[in-house]
Amino acid sequence: MDIVEFEPAHAEAFRTLNEAWIEKYFALEAKDREVLGQPQLKIIDKGGRIFMAMLDGAPVGCVALMKMADGGFEVAKMTVAETLRGSGLGRCLMQRCIDAGAEAGATRLYLETSSHLAPALALYRAMGFRDLPPTDTPYVRADVFMERPY
């Protein structure tokens, strides 16, 4: 398993991997379509990064770091192919985000998620994220807000 930087050739896999998990549990929202349809423009060109997990040359997971105005990064669009859930790949992707944030001198990592995603919440808490009060969000499904300060 390798975790690599996003390349334009990964755009379709980034979109389809994320659509699969979102549509399994929720509904695609306008903000999802915007970000997933233009990852270069909406994430990378704005100072963010995307990491792709590769297995035998095929994308099997991904995560984005979206630059925030406060000096932090939002962890977004993190997913692992259903056949590899529980394999530790999500932990590897999150560790790559933590390392990348530290390398960039970020003040914090921030994320929004759903209380319906218990395995994800357990991972975030195990990796040092703490709950924040609710805030405004463009996502209907988001009801848990967390950060991991540096």
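Procedures and definitions
- Residues numbered from 1 in each chain as written.
- Predicted model: local features only at pLDDT ≥ 70, side-chain atom pairs only at ≥ 80, totals over all residues.
- Heavy atoms only, no water.
- Phe/Tyr/Trp six-rings, centres within 6.5 Å; stacked < 30°, edge-to-face > 60°.
- Buried < 20%, exposed > 50% of the residue type's maximum accessible area, 1.4 Å probe, protein only.
- Lys NZ or Arg CZ within 6 Å of the ring centre and 35° of its normal.
- Salt bridge = Lys/Arg side-chain N within 4 Å of Asp/Glu carboxyl O.
- Helix = DSSP H or I, 4+ residues; strand = E, 2+ residues; numbered from the N terminus.
- Contact = heavy atoms within 4.5 Å.

Visitor: With reference to specific residues and values, describe the packing of aromatic side chains.
Guide: Throughout the structure, instances matching the rule amount to four aromatic pairs. With a centroid separation of 6.3 Å and an interplanar angle of 90 degrees, the aromatic rings of Trp21 and Phe26 are classed as edge-to-face. Here Trp21 falls in the buried class, since its relative accessible area comes to 12%. Clustering of aromatic rings is evident, with ring pairs tying together Trp21, Tyr25 and Phe26. Positioned over the ring face of Tyr150 is Arg148, at 5.8 Å from the centre of the ring.

Visitor: I'd love a proper account of the pattern of salt bridges, names of residues and values included.
Guide: As enumerated under the stated definition, the model contains 15 salt bridges in all. As a salt-bridge pair, Arg49 and Glu103 come within 3.8 Å of each other at their nearest N and O atoms. Of this pair, Arg49 sits in strand β2 (residues 49-55) while Glu103 sits in helix α4 (residues 89-103), and the two are 54 residues apart along the sequence. The residue Asp70 makes a salt bridge to Arg108 at a minimum N-O spacing of 2.9 Å. Placement of Asp70 in the loop between β3 (58-67) and β4 (73-80) and of Arg108 in strand β5 (residues 108-113) is noted, with a sequence separation of 38 residues between them. Residue Arg108 is classed as buried on the basis of its relative accessible area of 17%. What you see here is one network of salt bridges that share partners, running through Glu5, Arg49, Arg96 and Glu103.

Visitor: How would you sum up the side chain of His10? Please name residues and give values.
Guide: Assignment of secondary structure puts His10 in the loop between β1 (2-5) and α1 (11-25). A relative accessible area of 9% means that His10 is categorised as buried. Every residue in contact with His10, bar those within four places of it in the chain, is listed here: Val4, Glu5, Met52 and Met54.

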